[in-house]
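# Close look at the chain arrangement
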Amino acid sequence: MPHMQQAAWDTLEMLMTHLSQDYPEWFSLQRDGDQWLWINRALDLQQAFTFGDASSLPYEPLEYITRQIQGDFALLDQRENNLWMDAGMVTGPADWSIKFDAGMSFTEWHAPVPMAHQMGVFDRALKYLMHIQVDRPVRRLNWTMTVNPRLDTSSETFHEWGHERSSVTAENLAQLVHLRVELQFLARLPRSNALMFSIRTYLISLEELVTQPEWACRLHRVLRDLPDELADYKGLSQYRPLVVEWLRQFDPEVATCTA
Ligand code: HEM
């Protein structure tokens, strides 16, 4: 949205600065006042531009930089004691849609999540997020499950992936079912005071996951004890019983009990 231009430039600055500092062999950023030179050797790009002038880039600034970065980005405007999803670049969401959520408040876009509202989780989280300071970013994790290692499970493409949930059987679940973990990063942007929320998604098949006995045991217990409402929300009710039954063999406590 137009009022997010400054947040978009803030984001471009943060991402270019970190990439060039963390991976100098791949990226470089030279700044001379508002005249900047960006080099991305991984993609063979070299771009001179004027910071703050969108017409000096081939795409508007948020699109330009997020095309070069893995993961998803939402920029939250902070006003009226709330956060508003007013800009973003999201190509691999876990069963939601940035088009649908655009312009919504923190409470509104979290409305479909069961239990957490009643427990006061979102009220506390919102207060916490609104106090995040510049240069003091935080991270959190979220998890769900996805059939096949598919990053784009957006609402718009539901017809492509929704039916795959019913293809899970006891024979194929180790290969088909994946644990999906999101590493989320939240940072205050200095000029706009917006919050940057990024999501890096990792998928691992159950077959690979159970090579770590501790992970297998833990996933068994979490899935077994997950409230039905949460299992429904996460879209895994259809195949949960099969997966729990299969994971049981990796839980030493259960194995001992039944021995
Ligand atoms: C401001 C940054 C955040 C953004 C942009 C964001 C965005 C979202 C979105 C789009 C969803 C999917 C909702 C749907 O079903 O349509 C979601 C789910 C969720 N969010 Fe957030 N969120 C943010 C911060 C947080 C924080 C700080 C918490 C901590 C309590 C949180 C907890 C959750 C939970 C528990 C779910 C349900 C996930 C699941 O069970 O798979 N979110 N979030």
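The structure contained in this document is the topic of the report that follows.

So, how was this worked out
Residues numbered from 1 in each chain as written. Predicted model: local features only at pLDDT ≥ 70, side-chain atom pairs only at ≥ 80, totals over all residues. Heavy atoms only, no water. Helix = DSSP H or I, 4+ residues; strand = E, 2+ residues; numbered from the N terminus. Buried < 20%, exposed > 50% of the residue type's maximum accessible area, 1.4 Å probe, protein only. Lys, Arg positive; Asp, Glu negative; His and termini not counted. Charge placed at Lys NZ, Arg CZ, Asp CG, Glu CD. Donors = N, O, S within 2.8 Å, 3.2 Å for Na, K, Ca; no water. Contact = heavy atoms within 4.5 Å. Core = buried A, V, L, I, M, F, W, Y, C linked by side-chain atoms within 4.5 Å. Domains from an automatic or database assignment. Phe/Tyr/Trp six-rings, centres within 6.5 Å; stacked < 30°, edge-to-face > 60°. Lys NZ or Arg CZ within 6 Å of the ring centre and 35° of its normal.

### Considerations on the overall build of the protein
- Broken down by element type, the protein carries 12 helices and eight strands.
- Across its three principal axes, the protein shows a C-alpha extent of roughly 70 × 40 × 35 Å.
- By the burial criterion, 47% of the 259 residues in the protein qualify as buried.
- Considering the protein, the positive charge centre built from 22 side chains and the negative charge centre built from 35 side chains are found 5 Å apart.

### Examining the coordination of the iron atom of the ligand
- Counting protein donors around the iron atom of the ligand gives one, His110 (NE2), at 2.0 Å.
- Relative to the helices and strands, His110 is located in the loop between helix H4 (106-109) and helix H5 (121-130).

### Examining the environment of Trp96
- Tracing the backbone shows Trp96 in the loop between strand S5 (82-89) and helix H3 (98-101).
- Sequence-distant contacts of Trp96, defined by excluding residues within four places in its chain, comprise Met85, Val90, Asp101, Thr153, Ser154, Ser155, Glu156 and Ile199.

### Some details on the nonpolar core
- Counting residues in hydrophobic clusters, the biggest one holds 27 residues, and the most contacted among them are Leu12, Met16, Trp38, Phe49 and Leu75.
- Going through the elements one at a time, helix H1 (5-22), strand S1 (27-32), strand S2 (35-40), helix H2 (61-66) and strand S4 (72-79) are the ones with two or more residues in this core.
- With eight residues, H1 is the largest single contributor of residues to this core.
- The two domains that each donate at least three residues to this core are domain 1 (1-69) and domain 2 (70-258).
- Leaving out residues up to four positions away in the same chain, Phe49 has contacts with Trp9, Leu12, Met16, Asp34, Gln35, Trp36, Trp38, Ser56 and Leu57.
- Of all hydrophobic cores here, the second largest spans 24 residues; its members include Leu173, Leu209, Leu219 and Leu236.

### A word on the packing of aromatic side chains
- A complete count under the given rule lists nine aromatic pairs for this structure.
- Between Phe106 and Phe122 the ring centres are 6.0 Å apart and the planes differ by 75°, which places this aromatic pair in the edge-to-face class. Of this pair, Phe106 sits in helix H4 while Phe122 sits in helix H5, and the two are 16 residues apart along the sequence.
- Members of the aromatic cluster, connected to one another through ring pairs, are Trp9, Trp36, Phe49 and Phe51.
- Geometry around Tyr59 places Arg67 over its ring, the cationic atom sitting 4.1 Å from the centre.
- Above the face of the Trp143 ring, Lys234 is positioned so that its terminal group lies 4.2 Å from the ring centre.

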